[in-house]
Amino acid sequence: MDEDLRNIVLGVLATGVSASLGWLTRTYLWRRGLRRKQAFFGLPGNAECLLVVNRESGGDRSVHRFDVFALLELSALIKDCGAQARILSHDQTHQGFGDRTEFCVGGPYSNRRMAAHLTTLLPGLTVNVEVEPGPDRGAFTIGTEPYRSEAGVCEYVILARLTAGEGGRPVFLFCGQRAITNQAATRYLARHHAELARRHRSGSFVLLLKVVNSEAYGPDVVELVADVTRAAMTAPSAVPAAT
């Protein structure tokens with residue numbers, strides 16, 4: 001009986017030790033993952049960040065519903081990092097970058113803040129902001145390569161993480177040819193941030209994404225077209241004046 005009791009006690013102790021080691025390991029891995037996530041987003045615990053949103057074309061103070069969905073995707077990421085978000089309209093944000101992480105949503109035609117970021121940080125990327133319908137409306141030009149959209153079938157969006165300014169906190173850009181592509185980019189970031197952090201150890205990156213058949217699949221089917229960091233961040237060469 002004593003031998004059986006000793007075996008039972010040893011078994012209970014071994015189970016307890018194994019459970020404790022398992023819990024400690026899971027806690028360590030969770031904390032390590034959290035630290036890496038916070039570092040990637042520039043969001044240590046209790047930090048404040050900015051969510052800069054555009055206004056719906058033709059609206060007064062309305063925000064397109066797909067941009068609202070994009071904000072919800074980003075809010076979940078921010079909450080997971082233990083940080084806090086402040087939502088500002090694009091025309092209410094009068095400050096530099098680098099002091100706080102910023103998430104900027106919307107194209108330059110409806111988001112002045114985005115237009116400023118593209119001019120300052122991505123001189124090699126231009127967006128056609130003409131309001132008249134046409135094949136080049138909303139088209140991206142990266143370097144010398146054009147990317148035109150076909151509404152509901154094939155549309156493009158820029159997902160960028162840029163580090164600039166004295167504070168070193170990143171600016172995330174979600175610049176799409178339609179509002180639904182902005183949400184597609186935020187969802188792509190939510191799903192692939194760990195992979196992006198490993199791949200782009202230098203910090204800054206600019207990705208061109210293609211949203212496939214949004215008419216049928218919404219923002220869910222997204223393909224990585226190319227890493228266009230170098231081309232987007234390189235100012236085009238000046239054309240020599242004719243003599």
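The structure we're discussing is the one just above.
I will try to describe carefully the structure that is included in this document. All values reported here derive from a predicted model rather than from experimental measurement. (Residues numbered from 1 in each chain as written. Predicted model: local features only at pLDDT ≥ 70, side-chain atom pairs only at ≥ 80, totals over all residues. Heavy atoms only, no water.)

## Brief notes about the pattern of salt bridges
A pair can form between side chains of opposite charge whenever their charged atoms are brought close. Defined as follows: Salt bridges, as used here, are contacts in which a Lys or Arg side-chain nitrogen is within 4 Å of a carboxyl oxygen on Asp or Glu. In DSSP terms, a helix is any run of H or I states spanning at least four residues, a strand is any run of E spanning at least two, and both are numbered starting from the N terminus. Exposure is judged per residue with a 1.4 Å probe applied to protein chains only, and the accessible area is read against the type maximum: over 50% gives exposed, under 20% gives buried, and values in between give partly exposed.
Following the criterion strictly, the structure yields 10 salt bridges and no others. In this structure, the salt-bridge partner of Asp 220 is Arg 191, at a minimum N-O distance of 3.7 Å. Note that Asp 220 is positioned in the loop between α5 (214-217) and β10 (222-227) and Arg 191 in helix α4 (residues 179-199), a separation of 29 residues in sequence. For Asp 220, a relative accessible area of 38% translates into the label partly exposed. Classification of Arg 191 by relative accessible area gives exposed; the value is 55%. Through salt bridges with shared partners, a single ionic network connects Glu 73, Arg 187, Arg 191 and Asp 220.

## Focus on the environment of Leu 74
Filter applied, for reference: By definition, residues are in contact when any of their heavy atoms lie within 4.5 Å.
Locating Leu 74 in the fold gives a position in helix α2 (residues 65-80). On the accessibility criterion, Leu 74 (0% relative accessible area) is buried. Separated by 29 residues in sequence, Leu 74 and Phe 103 place their C-alpha atoms 8.0 Å apart. Setting aside residues up to four positions removed in sequence, Leu 74 forms contacts with Leu 51, Phe 103, Val 105, Phe 174, Thr 186 and Leu 189.

## Let's talk about the layout of surface pockets
Where empty space is left in the structure can be found by rolling a water-sized probe over the atoms. Going by this rule: Within this scheme a cavity is a closed region of a 1 Å grid, computed over the protein atoms alone, that accommodates a 1.4 Å probe without allowing it to escape, whereas a pocket is open but has protein on both sides within 12 Å along at least five of seven lines; lining residues each have an atom within 4 Å of a point. Grid points are joined across faces, edges and corners, and a volume is the space filled by probe spheres set on the points.
Its volume calculated, the second largest pocket comes out at about 230 Å³. The wall of the second largest pocket is formed by Gly 33, Arg 36, Lys 37, Ala 39, Phe 40, His 193, Ala 194, Ala 197, Arg 198 and Arg 201. Breaking the lining of the second largest pocket down by element, the ones donating at least two residues are α1 (2-41) and α4. The element that contributes the greatest number of residues to the lining of the second largest pocket is α1, accounting for five residues.

## So, the sheet that holds strand β5 (residues 140-142)
Under the convention used in this document: Being paired, for any two strands, means DSSP has found at least two bridges between them. Where helices are involved, their axes are fitted lines through C-alpha atoms of the stretch in contact, as for all axes, and angles between N-to-C directions lie from 0 to 180°.
Taken in spatial order, the three strands line up as β4-β5-β6 in an open sheet, and their pairing is antiparallel. Here the strands that pair on one side only, and so sit at the sheet edges, are β4 (125-127) and β6 (145-147). Strand after strand, the sheet turns through a mean of 20 degrees between neighbouring axes, direction not considered. Sheet analysis places β4 next to β5, joined by three bridges and oriented antiparallel. Note that in β5 the partner of Leu 125 across the bridge is Ile 142.

## Re the state of the cysteines
Note the following rule: By disulfide we mean two sulfur atoms from cysteines, separated by a distance within 2.5 Å.
All told, the structure shown has zero disulfides when counted by the stated rule. Here Cys 81 stays free of any disulfide, with the sulfur of Cys 49 as its closest cysteine sulfur at 8.8 Å. Owing to a relative accessible area of 1%, Cys 81 belongs among the buried residues under this scheme. Take Cys 175: it sits in no disulfide, and the sulfur closest to it among the cysteines is that of Cys 104, at 8.6 Å.

## So, unusual backbone geometry
Notably, Asn 46 is not glycine yet its phi reads approximately 70 degrees, a positive angle. Relative to the assigned elements, Asn 46 resides in the loop between α1 and β1 (48-53). Although it is not a glycine, Asn 213 sits at a positive phi angle of roughly 50 degrees. Position of Asn 213 relative to the elements: it lies in the loop between β9 (205-212) and α5.

## Considerations on the sheet that holds β1
Pairing in this open sheet of seven strands is mixed, and the strands run β2-β1-β3-β8-β7-β9-β10 from one edge to the other. Only two strands of the sheet have a single partner each, and these edge strands are β2 (84-89) and β10. Put simply, the sheet's adjacent strands are angled 20 degrees from each other on average, direction ignored. Relative to β9, strand β7 (residues 154-163) runs antiparallel, the two being bridged by eight bridges. When the sheet's bridge partners are listed, Cys 154 is paired in β9 with Val 212. Contacts between α4 and the sheet are confined to β3 (102-105), β7, β8 (170-176), β9 and β10, with β7 contributing the most and set at about 45 degrees to the helix.

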